[in-house]
Amino acid sequence: MSRNLKVSDRIYSYLTITFGEEAARKYSDFVDDEPAKYIRVNERKISRESLAIRLEDTYGIRTDAIKYPSNALKILDGFEYAGSTLEIAFGFYYMQALTSMLPPLVLNPSKADLVLDLCSAPGSKSTQIAEMMDNKGMLVVNELEMDRIKALVFNLDKMNFLNYGVVNQRGEILSKYYNSYFNKILVDAPCSGLGIIQKKNEVGKWWSLERVNNLCEIQNKLLVSAVKMLKVGGELVYSTCSLTPEENELIINRILEKYPVDVESVDMPIKHHKGLTEYQGVQLDYRLNKAIRIFPWEVDSDGFFLIKLKKNNETNPTDQIQWKKHFVMAMHSHNDNVLREKLRVLADEFGIEREVLSNYKFLLKRNDIYFTSNEWSDENLGLFHRVGTKFGMIDKHGNIVLHSFAAQILQVHISKNIYDIQSLDELRLYLMGALINSAHLPHGQYVVRFNGYVLGTGVVIKAGLKSRYPRSSRTQTIRIKGQKVQ
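Chains are numbered independently. Their residues run from 1 in the order of the written sequence. Given that the model is predicted, a residue must reach a pLDDT of at least 70 before its local features are reported, and side-chain atom pairs must reach 80 or more before they are shown or counted; all residues, however, enter totals for whole chains, interfaces and linings. The side-chain quantities take in all heavy atoms of the structure and omit both hydrogens and water.

1. Focus on the packing of helix α1 (residues 9-19) against helix α2 (residues 21-32)
- To get an axis, a line is fitted to the C-alpha atoms, and for a helix only the part in contact is used. The angle between two axes follows their N-to-C directions and goes from 0 to 180 degrees. Per the convention used, a helix needs a DSSP run of H or I reaching at least four residues, while a strand needs a run of E reaching at least two, with both numbered from the N terminus. It is the contact of α1 with α2, at a shortest axis distance of 7 Å, that shows an interaxial angle of 140°. With respect to each other, α1 and α2 are oriented oblique. Handedness of the α1/α2 crossing: right-handed. Here I11, Y12, L15, T16 and F19 of α1 lie close against α2, whose contacting residues are E21, A23, A24, R25, Y27 and S28. Every angle not falling under 35 degrees, over 145, or within 65 to 115 is termed oblique; those three ranges are roughly parallel, roughly antiparallel and roughly perpendicular. If you view the pair so one helix is near and one far, a crossing is left-handed when the near helix is turned anticlockwise from the far one by less than a right angle, and right-handed when it is turned clockwise. Only heavy atoms matter for contacts: two residues are in contact if any of them lie within 4.5 Å across the pair.

2. Looking at the environment of V237
- Relative to the elements of secondary structure, V237 occurs in strand β9 (residues 230-240).
- A sequence separation of 238 residues divides V237 from T475, and the C-alpha atoms of the two residues are 35 Å apart.
- With sequence-adjacent residues up to four places away left out, V237 is seen in contact with P103, V106, L107, I185, L186, V187, I307 and K308.

3. What about the packing of aromatic side chains?
- Ring pairs shown here join Phe, Tyr and Trp side chains whose ring centres sit within 6.5 Å, with only the six-membered ring taken for Trp; geometry is labelled stacked below 30 degrees between planes, edge-to-face above 60, and tilted in between. Taken as a whole, this structure holds 16 aromatic pairs when the rule is applied.
- Taking the centre distance of 6.2 Å and the plane angle of 15° together, the rings of F362 and F371 count as stacked.
- Only protein chains enter the accessibility calculation, which uses a 1.4 Å probe. A residue is then buried if its area is under 20% of the maximum for its type, exposed if over 50%, and partly exposed in between. Exposure remark for F362: the relative accessible area of 0% places this residue in the buried category.
- Of the residues examined, F371 reaches a relative accessible area of 0% and is grouped as buried.

None of the figures reported here should be taken as evidence of function without further support.
Right, dumping it as structure tokens:
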């Protein structure tokens, strides 16, 4: 019988030895198929039903409302347009594999939790966690590579989340700053990707057990660090998009042997298998049968492994250090002297009830203002690359210039100085950062809407309304009814 040559002999042989000939053949056949596409709906902005209607009516994207997760849609037709809609540009949904949505659901964070996403970029799970926390509480997202942080922040910003702080550290040493600190931790570990070869055929070119074993050492260190950062009674989800027991059960087995954690049962209403309790003739911890192992060909999505751990006793802390770098960003309440009058003027300008701003904390970094959830607090502020999203900046006159992200977040509270886009040509000009002819408007700053949704801010000058749509977002391609508007 011939088989798909996209799957290397190394991988096919490994799968045969590990899971049997039938599994290896099904894996090989699955790689040849066109992968199913899914999106996760940001229900803070739109319902799943409303988004499905908008996607079909505006772009011809047909979707199916799957049973689980309840906020996911499977794309049936029109996928080629799904990455260039106005809705994705403004964070109404995130393109994400079905199984990639599962770890945050198992972690189940709330706004009352102190949460860490240890390996967070590009942000699929971080944005999901932030949404599940209702944009409140405190979420720390860590990423080692600075280039990937840009993608992470971009995705958090466009989906209008602000309850997060970004750390740029090696995850295995983060326990030097946080001991027994977080209620919930997600460790979606870097892995060999054997579960997503359908989308990343290059995995087959370099995959080897030697590379897997190198990754295992990193995964173990990350998990040890996470266990030490977890409070007693706190919960941790470990996940990979790999099928290899070396990166999954064997890693967890080492943790169960050395650290005071237990395995929690997980309710998973999609096709899955129990974790392995024996591998290559070696007995593993019996509690591993509570792990979730997902084969890609059985769910029409990526292969995945996940397990939920609960810490039941204290661990010996890593030697603690405090970040000594001078932190130039200071945190303020809405009522602090430094911002109170400026925020009052801004609230009056846009018709915002002043108590609305009491729901946030504000951070000043020179003339830039960020804002975050009211619950945000951390003694290691200097450790953070950034906290919250952009609120605005203080101009040369001492007034606050409202940022587009803040306008999107506060839009239901804004009742004054609103400009509604009149045509697709005006929309195109706005998204390009250009000037819209609006001589009839009084001078000043405005929020700009299209079809009832706030796109961002602008300022009316003598020549017209000048767009303040963020430069970081202007590279996105956006099409409406077949027309390219950006």
